[in-house]
Amino acid sequence: MAAPHDRSRDGLLKTGAAGVGTGILTPLIQPLIDHINGAPADLRIALLAVPFALLVLVLIQIGSDNPRWAALAGAVVTVIAFVWAVSAAVWIDGRISVSESAVRNVLSGLAGGFVGSGTLAFGVSLLPASPRDPLAWLPMLVTGTSAGALLALDDALNLDLVSTLYPVWQAGVAICLAMALRRRTQSA
C-alpha cells in the first residue's frame with residue numbers, strides 16, 4: 001500500500017530550496033550593487049535583501065489569507081530586517097575587544113541572526129492574517145539566530161561571492177515563516 005503523498009512536506013522543501021536559491025543570489029549581486037555610485041551604505045544593504053524579500057512576499061501571498069498589500073508590507077519588513085541585522089552584526093563586531101576573529105564573528109553573526117529573524121517575525125506577525133501567538137514565531141527566532149553563527153565559517157573560509165550563511169539562514173527562516181503562516185491558516 002502506498003503512503004499518501006504529503007503535499008505540505010513538498011511545499012516546505014520547495015520553500016527551503018527557494019531560500020537556498022535566494023541565499024546563493026544574495027552575495028552574487030553584491031558586486032553589481034557596489035557599482036552604484038553615491039548610494040548610501042544602508043540602501044546598498046537593502047538592495048541585497050531584495051531576492052529574499054521577494055520570496056517572503058510570495059510566501060505571505062500564497063501561504064496566508066493576508067491581503068495583497070500585506071505581502072508587500074512583509075517584503076518591506078524583510079528589507080528593514082536585513083539592514084538591521086547587518087547593522088547589528090557590524091555594531092557587535094565593533095564592540096568586542098576579543099582579538100580572536102572567530103569569536104567576534106560568531107557573536108556578531110548570532111546578534112545579526114537574532115535581530116534579522118526577530119524583526120521579520122515581529123513585523124509579519126502584525127499583518128492582519130498572521131499568527132499572534134509568540135510560539136508560532138519561536139522556531140524562526142531560534143533558526144535565524146543559530147544560522148547567524150555561520151558568519152564565522154564564511155570568514156574562516158574567506159568566502160566572498162559564495163556564502164554558507166545566506167543560503168542556510170534564508171532557507172531556514174523561509175521554512176519557519178511558511179510553517180507559522182500555515183499554523184494560523186490551520187487554526188482559523
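Residues numbered from 1 in each chain as written. Predicted model: local features only at pLDDT ≥ 70, side-chain atom pairs only at ≥ 80, totals over all residues. Heavy atoms only, no water.

(A) Geometry of the environment of A147. For A147, the location among the structural elements is in helix α6 (residues 134-148). Separated by 21 residues in sequence, A147 and V168 have C-alpha atoms that sit 6.5 Å apart. Residue contacts for A147: discarding those within four places in its chain leaves L165, V168 and W169. (Helix = DSSP H or I, 4+ residues; strand = E, 2+ residues; numbered from the N terminus. Contact = heavy atoms within 4.5 Å.)

(B) Spotlight on the packing of aromatic side chains. Taken as a whole, this structure holds two aromatic pairs when the rule is applied. Between the aromatic rings of F52 and W169, the centroid separation amounts to 5.8 Å while the plane-to-plane angle is 65°, which identifies the pairing as edge-to-face. Here the residue F52 occupies a position in helix α3 (residues 50-63), and W169 occupies one in helix α8 (residues 165-187), the gap between them amounting to 117 residues. Relative to Y166, the ring of F82 has its centre 6.0 Å away and its plane inclined at 20°; by these criteria the two rings are stacked. With a gap of 84 residues between them, F82 in helix α4 (residues 68-95) and Y166 in helix α8 connect regions that are remote in the sequence. (Phe/Tyr/Trp six-rings, centres within 6.5 Å; stacked < 30°, edge-to-face > 60°.)

(C) Examining the side chain of T15 more closely. Looking at where T15 falls in the secondary structure, it is placed in helix α1 (residues 7-34). Contacts of T15, omitting those with residues within four sequence positions, involve L55, L59, A174, I175 and A178.

(D) Quick peek at helix α2 (residues 41-48). The complete set of buried residues in α2 reads I45, A46 and L48. Seen along its axis, α2 keeps its buried residues to an arc of 155°; they face one direction. (Buried < 20%, exposed > 50% of the residue type's maximum accessible area, 1.4 Å probe, protein only. Arc of directions from axis to C-beta.)

(E) Spotlight on the packing of α3 against α4. The N-to-C vectors of α3 and α4 enclose an angle of 150°; their axes lie 8 Å apart at closest approach. Judged on the interaxial angle alone, α4 and α3 are roughly antiparallel. Crossing of α3 over α4 shows right-handed handedness. Each of F52, A53, V56, L57, I60 and Q61 in α3 lies in contact with α4, whose residues at this interface are R68, A70, A71, L72, G74, A75, T78 and V79. (Axes fitted to C-alpha atoms, helices over the stretch in contact; angles between N-to-C directions. Parallel < 35°, antiparallel > 145°, perpendicular 65-115°, else oblique. Left-handed = near helix turned anticlockwise from the far one by under 90°.)

(F) Quick peek at the layout of surface pockets. Estimated volume of the largest pocket: approximately 780 Å³. Taken together, 35 residues make up the lining of the largest pocket; nearest its centre are V86, A89, L151, L165 and Y166. A total of eight residues in the lining of the largest pocket trace back to one element, the largest contributor, which is α4. Classifying every residue of the lining of the largest pocket by side-chain character gives 18 nonpolar, eleven polar and six charged. (1 Å grid on protein atoms, 1.4 Å probe; cavity = no way out; pocket = protein on both sides within 12 Å on 5 of 7 lines; lining within 4 Å. Points joined across faces, edges and corners; volume = space filled by probe spheres on them. Nonpolar A, V, L, I, M, F, W, Y, C, P; charged D, E, K, R; others polar.)

(G) Summary view of a nonpolar patch on the surface. A cluster of nonpolar side chains, V20, I24, L25, L28 and L161, forms an exposed patch at the surface whose accessible area comes to about 380 Å². By relative accessible area, which is 34% here, V20 ends up partly exposed. (Patch = residues over 30% accessible without salt bridge, like charges linked within 9 Å, V, L, I, M, F, W, Y side chains within 5 Å. Areas by Shrake-Rupley, 256 points an atom, 1.4 Å probe, with all protein chains shown as cover. Salt bridge = Lys/Arg side-chain N within 4 Å of Asp/Glu carboxyl O.)

(H) Layout of the environment of L138. The topology assignment puts L138 in helix α6. Between the alpha carbons of L138 and A121 there is a distance of 8.5 Å; along the sequence they are 17 residues apart.

(I) Highlighting the environment of S87. Position of S87 among the secondary structure elements: in helix α4. Its relative accessible area of 34% is what places S87 among the partly exposed residues. Considered as a pair, S87 and C176 are 89 residues apart in the sequence and their alpha carbons are 23 Å apart. Within polar-contact distance, the side chain of S87 engages the backbone oxygen of V83 at 2.9 Å. (Polar contact = N/O pair within 3.5 Å; in protein donor to acceptor, adjacent residues only side chain to side chain.)

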